[in-house]
Amino acid sequence: MDNVAARAALDRLIAERHERYEALSRLIGRNPAYIQQYIKRGTPRKLDEADRRVLARYFGVEERVLGGPEDTPVVSLSRKRATPAVVVVPRLALGASAGAGSLDDDERASGAFAFDAAWLRTMGVKGEGLSIIRVDGESMAPTLNDGDDIMVDRADAAPRLRDGIYVLRLDDMLMVKRVAMGPKRGRFSVLSDNPHYPDWTDIDPALVDIVGRVVWTGRRVG
């Protein structure tokens, strides 16, 4: 397959799966504009072998579809998985308890993580509206420590609020806290797992913006 056809094939896959150029660029460790420049401008002229392999596995197609060697087996573009093999989750350049931050698509990303889509489904996570941010401070220790990464599901927010750990905005501060539903309908408490930090009890929901539920955490060991 020539380079023009390979670019067209990748662009078609991206459109079919409703993917984003920026997210795929981060998946292969490139700058956010890399995939768009490759498709729209032909720069680079062809994909690096390692990049091509990652993208082929992500979309569930043979490498030949994306410009790989002609002697590799051919798999039709119509033979695609119902969902991608992995979900790319952006890591945003902000932290909970670090002040202002929107956690939306315009927030500056500092990288990305790739998670197995089937594994996410076992946690009840669909893969849309996910972001990874950093924990700032020790208010949730030992459950969450300063510097931990947390995955926030923005699709699981106020309408489904229940006991659990959430990222929320209170008094213009983005923070991660434990939410405990109260006996009064609609009222809840915002709690710190670390006893040296304050709690807020019997909160009026109008005073708190529930950003999303924390569904995963990762940390460096050692």
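Structural data are supplied above this passage.
**Quick word on the overall build of the protein**
Working step 1: Of the regular secondary structure elements, the protein holds five helices and nine strands.
Working step 2: For the protein, the α and β elements follow one another from N to C terminus as α-α-α-α-β-β-α-β-β-β-β-β-β-β.
Working step 3: Within the protein, buried positions represent 40% of all 222 residues.
Working step 4: For the protein, the proportion of contacts with a sequence separation of at least 24, taken over those separated by at least 6, is 56%.
Working step 5: Summed over its atoms, the accessible surface of the protein is roughly 11,900 Å², and 49% of this surface lies on carbon and sulfur atoms.

**Description of the packing of helix α1 (residues 3-16) against helix α3 (residues 34-41)**
Working step 1: Contact pair α1 / α3: the axes reach a minimum separation of 9 Å and the direction vectors enclose 130°. Judged on the interaxial angle alone, α3 and α1 are oblique. Crossing handedness for the pair α1 and α3: left-handed. Contact with α1, carried on its side by N3, A6, R7, L10, D11 and I14, involves I35, Y38, I39 and K40 of α3 and no other residues of that element.
Working step 2: Grouping the amino acids of the contact of α1 with α3 by side-chain chemistry returns six nonpolar, one polar and three charged.

**What about the environment of G212?**
Working step 1: For G212, the position within the fold is in strand β9 (residues 208-218).
Working step 2: Its relative accessible area of 0% is what places G212 among the buried residues.
Working step 3: C-alpha separation for the pair G212 and A155, spaced 57 residues apart in sequence, amounts to 6.7 Å.
Working step 4: Not counting chain neighbours up to four residues away, the residues in contact with G212 comprise V152, D153, R154, D156, A157, Y166 and V167.

**Some words on the packing of aromatic side chains**
Working step 1: In this structure the tally under the stated criterion is five aromatic pairs.
Working step 2: The interplanar angle of 25° and the centroid separation of 6.2 Å between the aromatic rings of F113 and F115 together place this pair among those described as stacked.
Working step 3: Centroid distance F115 to W216: 5.2 Å. Interplanar angle 80°. Geometry classified as edge-to-face. Placement of the pair is F115 in strand β2 (residues 109-116) and W216 in strand β9, with a sequence separation of 101 residues.
Working step 4: Look at F115 and you get buried, because its relative accessible area is 7%.
Working step 5: Each residue in the set F113, F115, W119 and W216 is aromatic and connected to the rest through ring pairs, giving one cluster.

Calculation rules
Residues numbered from 1 in each chain as written. Predicted model: local features only at pLDDT ≥ 70, side-chain atom pairs only at ≥ 80, totals over all residues. Heavy atoms only, no water. Helix = DSSP H or I, 4+ residues; strand = E, 2+ residues; numbered from the N terminus. Buried < 20%, exposed > 50% of the residue type's maximum accessible area, 1.4 Å probe, protein only. Contact = heavy atoms within 4.5 Å. Areas by Shrake-Rupley, 256 points an atom, 1.4 Å probe, with all protein chains shown as cover. Axes fitted to C-alpha atoms, helices over the stretch in contact; angles between N-to-C directions. Parallel < 35°, antiparallel > 145°, perpendicular 65-115°, else oblique. Left-handed = near helix turned anticlockwise from the far one by under 90°. Nonpolar A, V, L, I, M, F, W, Y, C, P; charged D, E, K, R; others polar. Phe/Tyr/Trp six-rings, centres within 6.5 Å; stacked < 30°, edge-to-face > 60°.

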